[in-house]
Amino acid sequence: MSHTVLICDDAIFMRTMVGDILQQAGFEIVGEAETGIQAVEKYKALKPDLVTMDIVMPDMGGIDAVREITRFDPAAKVLMCSAMGQQALVVEAIQAGAKDFVVKPFQPSRVLEAVQRVLG
Amino acid sequence: MDASRYAELFLTESQEHVSAINHSLLTLERAPGASEPVAALFRGVHTIKGMAATMGYQAVTDLSHEMETLLDNVRKQAVRVDAGVMDVLFKGADALERTIEAETKGRPAADTGALLARMREISAAARPTPAAGATAVGEVPSAVGGVTVRVRLEPDTPLKGVRVFMILQKARTLGTLLATEPAEAVLQSGEFEGDFRLVIDSHAGAGEIEGAIKAAGFVQEAHVLAPAGGIEGPRSSAALRQSGAISPDTAEMRVSGTFPVPDAGTAAEGAVQHKHKNIRIDLRRLDTLMNLIGELVISRGRLQAIAAEVRSPVLDETLALASRLVSDLQDEIMTSRLVPVWQVFDRFPRLVRDAARSTGKDVDFVIEGKEIELDRSMLDEIGEPVVHLLRNAVDHGLEPPDERRAAGKPPVGRLRLAALRDRASVLIRVSDDGRGIDRSRVLAKAKRQGLVEESREELTDDEMYHLVARPGFSTTEQVTDLSGRGVGIDAVATRVRSLGGSLELRSVEGEGTTVTARLPVTLAIVRAVLAKVNDETYAVPMTHVSETMELAAGVHETVKGREVLSLRDDVLPLVHLRDLVKLPRQPDRLSHVIVLEMAERRAGILVDRLLGQQDIVVKQFDGVRDGLPLFSGATILGDGAPALILDVSTLL
């Protein structure tokens, strides 16, 4: 059975791209979220195997969302999507419970490696 | 990866962000201390940067990166928002728009070097110089009972500092981390080559330690060194702490001064952006749907004509149902094409601000009715004329502050852009409280050009409108870079007319000018009154029809040699459609009048017969060669015959 994924990013562009990468690798995209609040709600509803999480989002940022999600499910597997120059935020996200991170611009191989590490 | 697939998505989404950025910049300019617009700006620029980097758009990436850095400094209050910073940010937003446009079209982006340098300058002045940390791998501080692990990261590891943090986190699950070389703070700042060592007090075997560290990712090599050379006599962990090799509190990772202190709150707060949920559909699809439904409407008309001849109750009933479904479908498709005007209007505040600045005027610009909806293609068409009206108002209408004061007006000029729904039309109105159109100058110029008689001393609103709307008639003698020369109200009037709308102008000297464009909600399908003259059918768009009536032969009167129609208390000029299409009149027959109304002007048009109302699908045409400038388009009727659509504006 393929792994289920919830994609959280406020940019449709990014959601589409991450979704395409994962879908081509055989993952099942079960949901998308545009804000941290949505991410938490959808995580609770969908219980996906994997979450990709943008750091900067309106309403509730990715880090707070990770915190909420891991509080709800300590085994949650969240992969942070960050940009260059966000070291401190990524560290904070990992302290909050994220399992790994990828850095934009995304290269499919890098994303899939990170996903394997997270799910591994 | 084939990025071209994403180019369009990138373009539309980043344009929305640029629009939101401009919006936030205006908010920030009004309230330079506010944190909310800064957070929104940061988010917008940040998102564009991420997308652009993914697309490989270097110019956009560089530009958004510098803007982001600058905004980050603003956010951290290391940079104060003043006029200079605002100026750089506004220029940045403009440059972003241009580079996005250029790079998505595969054109070279204009040089932004000077702007980038200026941004860097501001950021550099703000930023405390980062403490230079030791980066070389020196002697490994040895530790009692510890194992030293040499780790090498992959050459192109992104965010090395974070990766190291994850590696150290893994190491800590195996035992106590005693020391690192370089110091942990240096490692976390990412300012090292890629090699580092750590000393760990652990019972785990070498294989287990190496495996755990490699599992953190991007580890090219993890090698547990033989303890023999590592231990050089006892050194307390306190000594290690003093040497800085170990951070004072290993549980608290945020130790480095060079780390920007993360502020998750600012990233999460301030959702002032427009919230709209929708899916993206290629506009061409909607156009195709619209064309198809248009054909369907025509077929329905044909079927109805056939059914009227066949006279079968079953057919009538089925057809009634089918045509209701067609109507519903048509409504749905029309509605799906409607977009709120703010999608175009939202860029105007920025434009007005720039225009006001370059002319040294203070303008209070208000937009009303942002949520009013128009057909997408109509909205695209109307943008440019509205820009023109706004620029005109700032450039020529509103006075400079001192002139306003002298005239007893508040120094800040008011400019209002409003969208209103009025029956089947939408009104777009631009009004200012400026000096108004100088009638004496219009009159003088009109006399010079021989457009009015020398003896005239006054102009009516209507006459003035017609003069001002004449191609090439402009009362401003100087050319400004805003409105240019020769393109004035006339260009706007022509465009609005070609969209099936009309333009109205009101101006009171010293009090201001209001220009109103009345537009049909959609371009493609309009409701029209069909009328017969001889064997030809003509369509008159309902937008301009106020009523229809029968007229017995010869009841109308003649005033000053012109035929008129007395309608209640009003006297309207009467036009014979037969005259217009060069057919002989039929004097002794009962005829019908369609009363037209446009911008407070009315007229009656005489036709042979009325066929009733119908939705017609407008097919634009460029006009018949040497034909009458009477028609704005054509349509296909139910019986397959074509009908010309009267351009009401030319009749009035």
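Residues numbered from 1 in each chain as written. Chains lettered and ligands numbered in written order. Predicted model: local features only at pLDDT ≥ 70, side-chain atom pairs only at ≥ 80, totals over all residues. Heavy atoms only, no water.

Colleague: I keep staring at helix H4 (residues 87-95) of chain A and nothing clicks. Help me out?
Modeller: Residues and elements named next belong to chain A. For H4, the tally of buried residues reaches seven of nine residues, placing the bulk of the element in the interior. Along H4, the residues that are buried comprise Ala 88, Leu 89, Val 90, Val 91, Glu 92, Ala 93 and Ile 94. Just downstream of H4, Gly 97 is the residue with a positive phi angle, here 125°. (Buried < 20%, exposed > 50% of the residue type's maximum accessible area, 1.4 Å probe, protein only. Helix = DSSP H or I, 4+ residues; strand = E, 2+ residues; numbered from the N terminus.)

Colleague: Hey, could you run me through the interface of chain B and chain A in this one?
Modeller: Interface size is often expressed as the accessible area that is lost when the parts come together. Of the residues lining the interface, 39 residues belong to chain B; the matching set on chain A comes to 41 residues. Each partner contributes to the roughly 3,700 Å² buried at the junction of chain B and chain A, and carbon and sulfur atoms together form 67% of this total. The largest share of the area that chain B buries against chain A comes from His 46, Thr 54 and Leu 159 of chain B, three residues that together contribute 16% of it. Here chain B is connected to chain A by two salt bridges. With a closest N to O distance of 2.9 Å, Arg 163 of chain B and Asp 100 of chain A form a salt bridge. Across the chain B-chain A interface, the total number found is six residue pairs in polar contact (both at pLDDT 80 or more). (Contact = heavy atoms within 4.5 Å. Buried area = accessible area lost by both parts, 1.4 Å probe. Salt bridge = Lys/Arg side-chain N within 4 Å of Asp/Glu carboxyl O. Polar contact = N/O pair within 3.5 Å; in protein donor to acceptor, adjacent residues only side chain to side chain.)

Colleague: Got a minute to help me understand the confidence of the model for chain B in this structure?
Modeller: The predicted structure's coordinates, where accompanied by low pLDDT, should not be read in detail. All names here are of chain B. Across chain B, the average pLDDT comes to 78, with 82% of residues at or above 70. Every residue in residues 129-144 is under pLDDT 50, and counting partners more than four places away or in other chains gives 36 contacts. Contacts for the low-pLDDT stretch residues 477-487, under 50 throughout, to residues beyond four places or in other chains number 18 contacts. At the level of chain-chain contacts, confidence expressed as ipTM amounts to 0.85, with global pTM at 0.52. (pLDDT = per-residue confidence, 0-100.)

Colleague: Honestly, the packing of helix H2 (residues 36-46) of chain A against helix H3 (residues 62-72) of chain A in this entry has me stumped. Any pointers?
Modeller: Each pair of packed helices gets described by two things: the angle between the helix axes and the distance between those axes. All names here are of chain A. Between H2 and H3, the least distance of the axes is 9 Å, while the angle of their chain directions is 20°. Judged on the interaxial angle alone, H3 and H2 are roughly parallel. The two elements H2 and H3 cross, and the hand of that crossing is right-handed. Taken together, the residues of H3 that come into contact with H2 (itself represented by Gly 36, Ala 39, Val 40, Tyr 43 and Lys 44) are Ala 65, Glu 68, Ile 69 and Phe 72. Classifying every residue of the contact of H2 with H3 gives six nonpolar, one polar and two charged. (Axes fitted to C-alpha atoms, helices over the stretch in contact; angles between N-to-C directions. Parallel < 35°, antiparallel > 145°, perpendicular 65-115°, else oblique. Left-handed = near helix turned anticlockwise from the far one by under 90°. Nonpolar A, V, L, I, M, F, W, Y, C, P; charged D, E, K, R; others polar.)

Colleague: What should I look at first to understand the packing of helix H6 (residues 160-174) of chain B against helix H8 (residues 206-214) of chain B in this one?
Modeller: Residue and element names in this part refer to chain B. Two numbers describe how H6 lies on H8: the axes approach to 8 Å, and their chain directions differ by 145°. The crossing of H6 and H8 is right-handed. For the pair formed by H6 and H8, the contact residues are Ile 167, Lys 170 and Leu 174 on the first element and Glu 208, Ile 209, Ala 212 and Ile 213 on the second. Residue classes in the contact of H6 with H8 are distributed as five nonpolar, no polar and two charged.

Colleague: Explanation requested: the nonpolar core in the structure shown.
Modeller: Taken as a class, soluble globular proteins show a tendency for nonpolar side chains to be buried jointly. Judged by nonpolar contacts, the single largest core of 61 residues is most densely connected at Phe 13 of chain A together with Phe 10 of chain B. Ranked by residues supplied to this core, first place goes to helix H1 (residues 4-30) of chain B with 10 residues. If sequence neighbours within four positions are ignored, Phe 10 of chain B has contacts with Phe 13 of chain A together with Ile 48, Met 51, Ala 52, Met 55, Tyr 57, Val 60, Ile 100 and Thr 104 of chain B. Listed in part, the 52 residues of the second largest apolar core include Val 339, Val 352, Met 378 and Ile 382 of chain B. (Core = buried A, V, L, I, M, F, W, Y, C linked by side-chain atoms within 4.5 Å.)

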